[in-house]
Amino acid sequence: MEITKIKDWNLGINTTKPIVVSGPCSAETEEQTIQSCLGVAAQGANILRAGIWKPRTRPGSFEGVGREGLPWLKTASRLTGLPITVEVANARHVYEALKNQVDILWLGARTTVNPFSVQEIAEALKGVDIPVMIKNPINPDLKLWMGAFERFEKVGITKLAAIHRGFASYHNTEYRNQPQWEIPIELRRHLDIEMVCDPSHICGNRKNLFKVAQKAMDLNFEGLMIESHITPDEAWSDAAQQVTPENFGELIRKLVIRDSDSKNATFNNSLDELRHQIDEIDEQIIQFIAKRMDIAREIGQQKKDSNIAILQMSRWEKVLKQRSDYSESKGLSKKFVKGYLQEIHKESIRQQTAIMNETELEKV
Ligand code: PEP
Ligand code: MN
């Protein structure tokens, strides 16, 4: 897929890592929008954001000021010299945004999830030269996310970037939306696209924002989208996760940005050497596991000959206890080693069952 990188979007964006998109969750009033944007611009934001049309879970919540808010963002852009971005969810939003010279559009998670909406927006943009950032769909579906990029590619949009905002889960966890980092990593592997992480919607609170933002940097994401409001506690949407422009600035300055690779030969050599050692160790671990399985099968055969059940609970409990004590003395987490042993044990039982029943081992 042909993708034009952010540095070639011709919007004068400073692309030193991280490229930061910031501004309030929603444009509420002219004053709040402009003050929040001026605040984050002073703290180093590169692109200004504000939600104009808000996709709310239940009716009755604040659903955005609508097109009335677009000139407010435009004023913020004029005062700061920064490009602006808004979320569009249908063709009407696209026309309003284009009429008001919005520089970059983004698709929200609730839009990416729906191919009809994505198609409608893509068609509304046929022949228009504008960058589009696409958030992951609400559910962890890599193909659905990829499909959205393909729909824009088909209408000739090449200025594309991805925003990772986490995935909904029915269970209450530490995160509002689970990061499931393997999915954005897979997307980048398939599309070679620049990744922006949105810690605000992943966390749903302020507590974990820095941790998630740093993780995104460690995984070599290009940018961050962080919601910031001049008076976050009074925000009309997403109050719990928004930070003041000052706190936003502090967070950005605290990030440790590492090089994606190093030109330093000594470093590269020593990295190669260490990776070589890891390769060796992995090979040995696999050989040991294979040996352990041979013995387990042998035991299976003997149990069969003596007509003894496969699982002896007391023996298994002793193994778990003894190994986890030992692993702790080696500085390994008990939980990790327990999980590892349980997997090994499951495989031993599977192999022994096959012997007992004289069936062929099913492939898993
Ligand atoms: C937002 O960015 O304010 C928003 C609604 O995000 P998401 O689509 O990730 O829920
Ligand atoms: Mn929000």
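It should be emphasised that the depicted structure is a prediction, and the values quoted were computed from it without experimental measurement.

**Overview of a negative patch on the surface**
Phase 1 of the analysis: Residues Asp279, Glu280, Asp282 and Glu283 make up a contiguous surface patch of negative charge.
Phase 2 of the analysis: Structurally, Glu280 is set in helix H11 (residues 265–306).

**Re the layout of surface pockets**
Phase 1 of the analysis: Taken as a whole, the largest pocket holds about 950 Å³ of empty space.
Phase 2 of the analysis: Secondary-structure elements contributing two or more residues to the lining of the largest pocket are H11, helix H12 (313–329) and helix H13 (334–357).
Phase 3 of the analysis: When its residues are assigned to classes, the lining of the largest pocket shows 18 nonpolar, six polar and five charged.
Phase 4 of the analysis: Size it by volume and the second largest pocket reaches roughly 260 Å³.
Phase 5 of the analysis: Contributing to the lining of the second largest pocket are 20 residues, with Pro55, Arg110, Arg176, His201 and Asp238 lying nearest its centre.
Phase 6 of the analysis: Here the residues of the lining of the second largest pocket sort into four nonpolar, five polar and 11 charged.

**What to know about the side chain of Ser228**
Phase 1 of the analysis: Mapping Ser228 onto the fold places it in the loop between strand S8 (223–227) and helix H10 (245–254).
Phase 2 of the analysis: Taking relative accessible area as the criterion, Ser228 reaches 0% and is therefore assigned buried.
Phase 3 of the analysis: At a separation of 2.9 Å, a polar atom in the side chain of Ser228 contacts the main-chain carbonyl oxygen of Val243.
Phase 4 of the analysis: In this structure Ser228 touches Ser22, Gly23, Pro24, Ser36, Val40, Gln242, Val243, Thr244, Pro245 and Phe248, once residues within four positions along its chain are discounted.

**As for the site of ligand 1**
Phase 1 of the analysis: If you check the shell around ligand 1, you find Cys25, Arg49, Lys54, Glu87, Trp106, Gly108, Ala109, Arg110, Lys135, Arg165, His201 and Glu227 and nothing else.
Phase 2 of the analysis: Within the contact set of ligand 1, an oxygen atom lies 2.7 Å away from a side-chain nitrogen or oxygen of Arg49.
Phase 3 of the analysis: One of the side-chain nitrogen or oxygen atoms of Arg110 is found 2.8 Å away from an oxygen atom of ligand 1.
Phase 4 of the analysis: Within the complex, the protein chains bury 97% of what would otherwise be the 300 Å² of accessible surface of ligand 1.
Phase 5 of the analysis: Counting atoms within 2 Å of the grid points, the majority share of ligand 1 lands in the second largest pocket.
Phase 6 of the analysis: Looking at the shell around ligand 1 residue by residue, the class counts come to three nonpolar, two polar and seven charged.

Parameters at a glance
- Residues numbered from 1 in each chain as written.
- Chains lettered and ligands numbered in written order.
- Predicted model: local features only at pLDDT ≥ 70, side-chain atom pairs only at ≥ 80, totals over all residues.
- Heavy atoms only, no water.
- Patch = residues over 30% accessible without salt bridge, like charges linked within 9 Å, V, L, I, M, F, W, Y side chains within 5 Å.
- Areas by Shrake-Rupley, 256 points an atom, 1.4 Å probe, with all protein chains shown as cover.
- Salt bridge = Lys/Arg side-chain N within 4 Å of Asp/Glu carboxyl O.
- Lys, Arg positive; Asp, Glu negative; His and termini not counted.
- Charge placed at Lys NZ, Arg CZ, Asp CG, Glu CD.
- Helix = DSSP H or I, 4+ residues; strand = E, 2+ residues; numbered from the N terminus.
- 1 Å grid on protein atoms, 1.4 Å probe; cavity = no way out; pocket = protein on both sides within 12 Å on 5 of 7 lines; lining within 4 Å.
- Points joined across faces, edges and corners; volume = space filled by probe spheres on them.
- Nonpolar A, V, L, I, M, F, W, Y, C, P; charged D, E, K, R; others polar.
- Buried < 20%, exposed > 50% of the residue type's maximum accessible area, 1.4 Å probe, protein only.
- Polar contact = N/O pair within 3.5 Å; in protein donor to acceptor, adjacent residues only side chain to side chain.
- Contact = heavy atoms within 4.5 Å.
- Near = heavy atom within 4 Å.
- Sits in = over half its atoms within 2 Å of the grid points.

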